[in-house]
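Structural overview
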Amino acid sequence: MSASDAVPTGSFTLRGPYGRRAIGLSVAAAVGGFLFGFDSSVINGAVDSIQHDFALNSVVTGFVVAIALLGCAAGAIIAGNLADRWGRLRVMFLGAIMFFVSSLGSGLAFAVWDLALWRVIGGLGIGIASVVAPAYIAEIAPRQIRGGLASLQQLAITFGIFVALLSDALLAWSAGTADSPLWFGLDAWRWMFIVGVIPAAVYGILSFTVPESPRYLIAKGRSDEARAIFARLVPPVDLDKTMNELTSAIETDRRNAGVSLRGKALGLQPIVWVGIILSTFQQFVGINVIFYYSTTLWRSVGFAESDSFGISVITGIVNVLVTLIAIFLVDRVGRKPILLTGSAIMTVALGTMALCFAFSVTGADGAVTLPAPWGPIALVAANLFVVGFGASWGPIVWVLLGEIFPSRIRGKALGVAAGAQWIANFLITVSFPAMSAWSLPLTYGMYALFAALSFLFVMWRIPETKGMELEQTETLFVNPKRIASSLE
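This section reports on the structure supplied with the text.

With that out of the way, let us pick up the overall build of the protein. Scanning the protein from N- to C-terminus turns up 20 helices and five strands. Going through the 488 residues of the protein one by one, you find that 55% of them count as buried. Residue pairs in contact within the protein that sit at least 24 positions apart in sequence constitute 77% of those at least 6 positions apart. Here the protein displays about 20600 Å² of accessible surface, and carbon together with sulfur accounts for 67% of that area.

What follows covers the nonpolar core. Of all hydrophobic cores here, the largest spans 143 residues; its most connected members are Ile50, Met192, Leu278, Trp393 and Tyr444. Among all residues touching Trp393, those that are not within four sequence positions of it are Leu278, Phe281, Gln282, Leu339, Gly342, Ser343, Met346, Gly388, Ser454 and Val458.

Unusually for a residue other than glycine, Ala55 sits at a positive phi of about 50 degrees. Relative to the elements of secondary structure, Ala55 occurs in the loop between helix H2 (47–53) and helix H3 (58–86). Positive phi values are uncommon outside glycine, yet Phe184 reaches one of about 55 degrees. Its place among the elements puts Phe184 in the loop between strand S1 (181–183) and strand S2 (186–187). Judged by its relative accessible area of 79%, Phe184 is exposed.

A few words on a nonpolar patch on the surface. Judged by side-chain polarity, Phe93, Ile97, Phe100, Val101, Leu104 and Phe208 come together as a nonpolar surface patch covering roughly 510 Å² of accessible area. One can find Ile97 in helix H4 (residues 88–107).

On to the environment of Val285. With respect to the helices and strands, the residue Val285 is situated in the loop between helix H12 (270–284) and helix H13 (287–300). Distance from Val285 to Leu350, taken between C-alpha atoms, is 8.5 Å for residues 65 residues apart in sequence. Each residue touching Val285, except ones within four places of it in the same chain, is listed here: Met346, Leu350, Phe385, Phe389, Tyr447, Phe450 and Ala451.

With that out of the way, let us pick up the pattern of salt bridges. Two side chains that carry opposite charge are able to pair once their charged atoms sit near each other. Considering all chains together, one arrives at three salt bridges under this definition. Here Arg119 makes a salt bridge to Asp39, at a shortest N to O gap of 3.9 Å. Of this pair, Arg119 sits in helix H5 (residues 112–140) while Asp39 sits in helix H1 (residues 17–42), placing them 80 residues apart in sequence. Residue classification places Arg119 among the buried positions, given a relative accessible area of 4%.

So, on to the environment of Gly122. Of note, Gly122 is situated in helix H5. Taking relative accessible area as the criterion, Gly122 reaches 0% and is therefore assigned buried. Along the primary structure Gly122 and Ala96 are separated by 26 residues, whereas in three dimensions their C-alpha atoms are 9.1 Å apart. Once residues within four sequence positions are removed from consideration, Gly122 is found in contact with Met98, Phe99 and Ser102.

Conventions and cut-offs
- Residues numbered from 1 in each chain as written.
- Predicted model: local features only at pLDDT ≥ 70, side-chain atom pairs only at ≥ 80, totals over all residues.
- Heavy atoms only, no water.
- Helix = DSSP H or I, 4+ residues; strand = E, 2+ residues; numbered from the N terminus.
- Buried < 20%, exposed > 50% of the residue type's maximum accessible area, 1.4 Å probe, protein only.
- Contact = heavy atoms within 4.5 Å.
- Areas by Shrake-Rupley, 256 points an atom, 1.4 Å probe, with all protein chains shown as cover.
- Core = buried A, V, L, I, M, F, W, Y, C linked by side-chain atoms within 4.5 Å.
- Patch = residues over 30% accessible without salt bridge, like charges linked within 9 Å, V, L, I, M, F, W, Y side chains within 5 Å.
- Salt bridge = Lys/Arg side-chain N within 4 Å of Asp/Glu carboxyl O.

In C-alpha cells, the structure reads:
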C-alpha cells in the first residue's frame, strides 16, 4: 500500500460522522433481514389454529407452513437481476409491498388455498429482501467496518424471529388462546399475521429515505452521484481509492458475466458442491422446526398453550444472544473451530431430544405428555440446540459462503448455494408434521445424524479462512490437505 493509499490513524471511527452514517444506513437496510426473520417464525403460534380452523391433516399443514419458502427461493433468484435493472431501493420497496399485502391477506384468509397464496406472495418479498438487504449493506459499507456491518443482517434476522415469537405470545395471552377473538372479531392467530404490516411499512418508507447504492450508480454511469454518496461515508483521503476499487470490481464482474459453474463433479465445479453441502447441512439439522413449530411441539407433549408460547419466546431470546457471541468470536477464534463445536453441541442436544421423546406417554384422551424428568430435560436440550446452531452454523455458514468461491463465479455460486438452502429448508419444514406424527424420536434422531455428519464434513473438507484475503481463501479449496500441509 502506498502512502497515498493509507488512511491516517483516527480518520475513521465508528463514533465519527462517517461511521455513524454508515451504521445508520446499514441498520435501515437490515430491516429487510428483520422481515426475513419475522416471516420465518410468525406462523409458529398460528399452526395449531390453522390446522383446526381449516380442518387440515398433518401433510397439508406442513405444506401451508413451508410453501412460503418456495416463494422465498423464487424471490431470491429474481432479486439480483431486478436490483441490477431497477436499483436496490426500488426492489427493496417491491419486497416491502409484497410482505405488506401478504400480512393482510394471510390474516384475513378464508380458505387454505387463499392462505397458501398469500404465503407465497410474502415469500417472494422475503426472498427479495434476503438478497437485496445484505447486498446494499456491503455496497455502502466503508471497507474499515464492512465485516461488522455485514453481520447486522444475521443479527436482524434473529431479532425478527424473536419479535415474531414475542408478538405471537402477547396476542395469544391477550385473547386467552390463539383461537379466541381479539380485535374486530378476528381471532388472535389472524392478528399474528396482520401485525406484520408494521415492519413492512417501515421497510417501505425507509426505501424512500436512504440513498441509492453507489455500486448501482457507477454501473449505470452515474459516477458523480456515487461519489457524492461515498463522500459522506468515507474519509476524503480514502475516497479516490474507494471509487477506483469499486469501478475495477464492476468491470471484473462484467468480464466474468458469462463464466459457467459447470465442472466434472456431477456437473458442477467441486467448490460449488462445497457451498451446496454447507447450505444443506445448515437446514437438515432441523433448526427451523424449532422456529416454525416449537409452540405446537411443546403443546403436543403436554405443556399448556400459554407455557408453550413462553418457551418459544425464551428460545428467541437465546437465539439473539448467541448470534452476538458468534459475531464477536468469528474473527478471533476462526470459522472451523466454531463450526466443529456447534456440530458437536447440536449432535448431543438433538440426540437428547430424541431420547426424551422416546419416553412420551399417551393418555386415554389421546393427550401426549413427557413424564418427569424428561420434560425439563427436553426443554434444556432444545435450547442447547439453539445455542449450538445460533453460535455457529447460523451465521458462520454465511461468512464462509462469502469467502470460499472464486471471484469469477462468486455471484452465481452464492445464488446456487442460497437456492439449495431454501430448498433444504422447505423439505425439512414440509415433512416435520407428518414425521412427528409418525415418530418424534426418529425425527430428532435423523436431525442428530445430520448434525454428526456436518461435523465430519467440516473436519474433512473445510479449511480455516480466518484472517485471509479473499484471493487466498479461494486457493485453500483447490486441494485443502495439500495446501494446509504446506502452511505448517
